[in-house]
Amino acid sequence: MMCINTTDLTLQDVASFTLKNNPSKQFKEKWGDDYVSRAMHLWRGIKECYLKSEVCNFTAKDLLFAMSYEYAVAPYRSDNNNVIEFYR
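Criteria and thresholds
Within any chain, residue numbers begin from 1 and follow the written order of that chain's sequence. For this predicted model, a pLDDT threshold of at least 70 governs which residues receive local features, and a threshold of 80 or more governs which side-chain atom pairs are given and counted, while totals over whole chains, interfaces and linings are taken from all residues. Heavy atoms from the whole structure form the basis of all side-chain values; hydrogens and water molecules are not counted. Only Phe, Tyr and Trp rings take part, Trp by its six-membered ring, and two of them pair if their centres are within 6.5 Å. Stacked means planes under 30 degrees apart, edge-to-face means over 60, and tilted covers everything else. Elements are defined by DSSP. Helices are runs of H or I of four residues or more, strands are runs of E of two residues or more, and each kind is numbered from the N terminus. Residue burial is assigned from relative accessible area. The probe radius is 1.4 Å, only protein chains are included, and a residue is buried under 20% of its type maximum, exposed over 50%, and partly exposed in between.

Asks: Would you explain the packing of aromatic side chains in this entry?
Replies: Note on aromatic pairs: each is described by the distance of the centres and the angle between the planes. Summed over all chains, the structure comprises seven aromatic pairs. Ring centres of Phe27 and Phe65 lie 4.9 Å apart, and the angle between their planes is 40°; on these two criteria the pair is classed as tilted. In this pair, Phe27 sits in helix α2 (residues 24-31) while Phe65 sits in helix α4 (residues 60-73), placing the two residues 38 residues apart along the sequence. Of the two residues examined, Phe27 and Phe65, each falls in the buried class. Between Phe65 and Tyr69 the ring centres are 6.0 Å apart and the planes differ by 25°, which places this aromatic pair in the stacked class. Of this pair, Phe65 and Tyr69 both sit in helix α4, four residues apart, which is roughly one turn of that helix. A connected cluster of aromatic rings, assembled from ring pairs, spans Phe27, Trp31, Tyr35, Trp43, Phe65 and Tyr69.

Dropping the structure here:
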């Protein structure tokens, strides 16, 4: 897995990182027909934990998935204020 400097993080950095570290294929294989609902549930859980500044017990792969998913859907959402902070 590649590492990036989060101090000067840009959306281009996020795009490159998520493209190279996207575990969606493994989740699709694992969840099969339940992929969409489970992906939404995981992503929402991680976002909720982040927004509440809670300590959560997600795996690194879960977090990579959420980053990739967030990057894919963020441009279509109206509440994407300061989205770069989520990636940090």
